Each structure stands twice: as C-alpha cells, then as structure tokens.
Amino acid sequence: MTSWRATGACNARCKYCNVNATDAHAPRELTTEEALRLVDQVYDFGVRWFGLKGGEPLMRKDIFEIVTYAKGKGLNVCLLTNGCFVDGTIYDNLVKNQVWTSVSIDGPEEVNDILRGKGSYQKALAAIEKLSAGKILNGLACAITSVNYNHLDHVCELAAKYHANFVWFNHLVPSGRAKETMDLTPTPEQYEEALNHIWDLSVKYDGVFDIHVHCPHYARVVKMRNIPNFQEWYDKKFHGKCTYFAFGGYISVTENGNLIPCFYTDLRPMEAMMLGNIRDKTLSQTWEEMRKSPYFSSFQDRKVLKGKCGVCEYIDICGGCRNRAYAYTGDIYGEDPACAYTPEKLRKK
C-alpha cells in the first residue's frame, strides 16, 4: 500500500500529532495536477490501495477530484479523518465514490477529549454513525497513550456496534508534536499491559472485526501467549512489522511530495532516511533504489541491531521500532526503549 499525507492542515490539535498539523497548509503541498500524477504513479507501481491521511485530508478543496480520478483508474481509496467534516456534500461524495473511511477516536468521551480536544468525541461519533449507515465505515484508529492505555475496550465496542472492518491501534513515536508531549508516552510496563489486553480483545472479537496493531514488539507479546499457528498469524495478520525490515513494503508520500519509508519518519533530524521527492522520481524508481541501497539493505541482517534488541531471542519477529530507537538514542540501529522485555542473555543468573 502507498499512503499520501495529503495536507499538513488540520482543524484539530491532538496532543500527540506526529506531523504537528496546524490550520495552515504545509509549504509546497502537491498541487492538484501533481496529485493526479501521483495517482498515476501509484497505479503504475502496481498498488491497488491508495491511502489518504493528513493533517485532515478533507481540508483539501480538491480532494474529491483526486479521489474520483483514483477510482477511475481502478484504485481502492481509503481515507483517515477526525470526523469533523463528514457531513453534507462531503459525506455524499464519500458515499458516492465508495471511499473506505476510517475515523480517529481514542477512547470514551472524557478520555478522548483530553487527547484530541473538547467536543471531538461527539463529532467523531457522529461521523462513525453516518459512515456506518452509508456502509463505508472502514475502521477506527486509536493511539495508545499513557492517558488511554487502559480504556481501549471502548473503541472495540464502537467498532462492533457500528460494523467497522477493523480497529487499528498505533504506538507513539516521538515525531512532530509528540516530541513535545513525551508525558503521553506509555511506560514499557503500560505498553506491556495494553498489548496483552489488545490480544485478549482480538480473541473476543474474532470474526467480528480485525484488530491491527502498529507496534513491532506486539509480535513478541503474542508469541509469548503461546497461540496456535503463530507463524501463520505473523505472516498474514500482523501489520505492525517495522517498515525498515519490510524492505520497501510500504512507502509514504508527504504533503510536499517527500518519499519516506515510514509514516512516522521525522525528516528534520532524519534526512538520511528520505528517499527523494515525487516531483523528481517515480515510486518505481524509488523502489529500485531502495532495493539496491546498502543503507536499507543493512536492515535485512538484524544482527546490526544494538542494545537489548540486538541480543533478543525474538529479534526475527520484532526488532523494535527503528524510528523510535533513533528518536531516543540517536542511532537507527539502537534499542527500542518502549519494550519491557529483558532478553535471556541479559538476565542475571
């Protein structure tokens, strides 16, 4: 899948926003014509799902011109929104174009509004109800924070009630505004509790909707639960593998056309991770360059990892989050500090 951060503009001020979105559009955002060329490249690259994120993608006035063009190419279009604009003509266009739409919501009203702003819960809930009625509700997206890590059941209850296809739980990576609100980052112990509970929720709602977790060490948590057919689950159902190890399995395009290997890449300190710009090279060219790059190829040998990640017996299924490791240690190969697990080799005997 290829996702496009369609705009840096957003009407909300979520405390953990990883792109630090504001009211203003970002400098040099792709024009409509450039966005249509991006759609062509996505199609030519062989991708069949085109994801739209932000900021708030519905703040782009040309968003449905782009959506209609993508649908005309035969692409499936999915969109992530805070729900504030899912009404009137915008809602009608989402339904008409069959845009699979997901809504961000972080728990019960009092918890959600601490993180996303007063009144945001009711707006998100109204959008969820409308999208469900229009049969285009795709999923609910929830960030795991120190405020809501023990309030995740509510999101699943909403997903079941309104027939969402999935719930997507995201870990926090210190990029964008999240770098300024580090107190929202769960402790390793809180992550451990939350991830284990999420597995319980996935068992409870099996067959009702899918639960995806964007957190590499969730694989270790699940492995330690001794589930049957773990490898099948890991290969086919686990969507939280770090994209550096996935080796080009995911490319994100920013609002100004920068190509990055992970949605959470903070380009200000991590310019080495930028793959180029869509104005200068195609997605196909970027993929070929990644395949030949000694830098990106280095992640195929997980022995390059340092600290406890490098000696962990679960290294082949985890390896930690490379962007978070870089943010905390200054080393892309460093250990991921969000994981509570102590590898066998480091335990006192």
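The structure under discussion appears in the preceding block.
Below is a short write-up of the structure.

Helix and strand content of the protein chain: 14 helices and ten strands. Compactness check: the protein chain gives a C-alpha radius of gyration of 20 Å against a globular reference of 20 Å for 349 residues, within 12% of the reference. Once the C-alpha set of the protein chain is aligned to its principal axes, its extents read approximately 65 × 45 × 40 Å. Looking at the protein chain residue by residue over its 349 residues, the buried ones come to 58%. Within the protein chain, residue pairs in contact and separated by at least 24 positions form 70% of the contacts whose partners lie at least 6 positions apart. By element, 51% of the accessible surface of the protein chain is carried by carbon and sulfur atoms, the whole surface being about 15300 Å². Side chains of the protein chain give 42 positive and 41 negative charges; the mean places of these two sets differ by 3 Å.

Residues Trp4, Phe50, Leu140, Phe169, Ile198, Tyr218 and Trp233 are the most contacted members of the largest nonpolar core, which totals 96 residues. Among all residues touching Leu140, those that are not within four sequence positions of it are Val103, Ile105, Ile128, Val155, Leu158, Ala159, Phe166, Val167 and Trp168.

Moving on to helix α3 (residues 88–96). Spacing of three or four residues puts side chains on the same side of an α-helix, whose turn is 3.6 residues. Looking only at α3, the buried set comprises Tyr91, Asn93 and Leu94. One face of α3 carries all of its buried residues, which in axial projection span an arc of 160°. Seen from the buried face of α3, the exposed residues on the opposite side, beyond 90 degrees, are Thr89 and Lys96. Of the surrounding secondary structure, the elements contacted by the buried residues of α3 are α2 (63–72), β4 (100–104) and α5 (120–133). Following α3 by one or two positions, Gln98 has its phi on the positive side, about 50°.

The next point concerns the side chain of Asp336. Position of Asp336 among the secondary structure elements: in the segment after α14 (322–329). Within the structure, Asp336 has its side chain in polar contact with the side chain of Arg324 (distance 2.7 Å). Side-chain polar atoms of Asp336 contact the backbone nitrogen of Ala338, separated by 3.0 Å. Those residues within four positions of Asp336 in sequence are excluded, and the remaining contacts are His217, Lys308, Cys309, Gly320, Cys321, Arg322, Arg324 and Ala325.

Along strand β5 (residues 137–143), seven of the seven residues are buried, which leaves the element largely enclosed by surrounding structure. Note: β4 against β5, three bridges, orientation parallel. Bridge pairing links Thr101 to Leu137 in β5. You can see the chain leave β5, run along helix α6 (residues 153–161) and come back into strand β6 (residues 166–170), and the turn it takes is right-handed.

Below, the discussion takes up the side chain of Asn323. Tracing the sequence through the fold places Asn323 in helix α14. Exposure remark for Asn323: the relative accessible area of 2% places this residue in the buried category. Of note is the side chain of Asn323, whose polar atom sits 3.2 Å from the side chain of Tyr244.

Let us look at the packing of helix α4 (residues 109–116) against α5. Look at α4 against α5: their axes get within 8 Å of each other, and the N-to-C directions meet at 110°. As the angle between them shows, α4 and α5 are arranged roughly perpendicular. On α5, the residues touching Glu109, Asn112, Asp113 and Arg116 of α4 are Ser120, Tyr121 and Gln122. The residue makeup of the contact of α4 with α5, split by class, is one nonpolar, three polar and three charged.

Moving on to the pairing of strand β1 (residues 2–5). On β1, burial covers both faces: Thr2 and Trp4 on one face and Ser3 and Arg5 on the other are all buried. Regarding topology, helix α1 (residues 32–45) serves as the crossover connection from β1 to the parallel strand β2 (residues 49–53), and that connection is right-handed. In the sheet, β1 pairs with strand β8 (residues 251–253) via three bridges, with the strands oriented parallel. Pairing of Thr2 across the sheet is with Ile251, part of β8.

What follows covers the pattern of salt bridges. Here the structure, examined in full by the defined rule, presents 15 salt bridges. Between Lys73 and Asp40 there is a salt bridge; the shortest N-O distance is 3.3 Å. With Lys73 in the loop between α2 and β3 (76–81) and Asp40 in helix α1, the pair connects residues that are 33 residues apart, well separated along the chain. With relative accessibility at 26%, the residue Lys73 sits in the partly exposed group.

Here is what the cut-offs are and how they apply
- Residues numbered from 1 in each chain as written.
- Predicted model: local features only at pLDDT ≥ 70, side-chain atom pairs only at ≥ 80, totals over all residues.
- Heavy atoms only, no water.
- Helix = DSSP H or I, 4+ residues; strand = E, 2+ residues; numbered from the N terminus.
- Rg over C-alpha atoms; globule rule 2.2 N^0.38 Å.
- Buried < 20%, exposed > 50% of the residue type's maximum accessible area, 1.4 Å probe, protein only.
- Contact = heavy atoms within 4.5 Å.
- Areas by Shrake-Rupley, 256 points an atom, 1.4 Å probe, with all protein chains shown as cover.
- Lys, Arg positive; Asp, Glu negative; His and termini not counted.
- Charge placed at Lys NZ, Arg CZ, Asp CG, Glu CD.
- Core = buried A, V, L, I, M, F, W, Y, C linked by side-chain atoms within 4.5 Å.
- Arc of directions from axis to C-beta.
- Polar contact = N/O pair within 3.5 Å; in protein donor to acceptor, adjacent residues only side chain to side chain.
- Pairing = 2+ DSSP bridges.
- Right-handed = clockwise from strand over helix to strand, strands pointing away.
- Axes fitted to C-alpha atoms, helices over the stretch in contact; angles between N-to-C directions.
- Parallel < 35°, antiparallel > 145°, perpendicular 65-115°, else oblique.
- Nonpolar A, V, L, I, M, F, W, Y, C, P; charged D, E, K, R; others polar.
- Salt bridge = Lys/Arg side-chain N within 4 Å of Asp/Glu carboxyl O.

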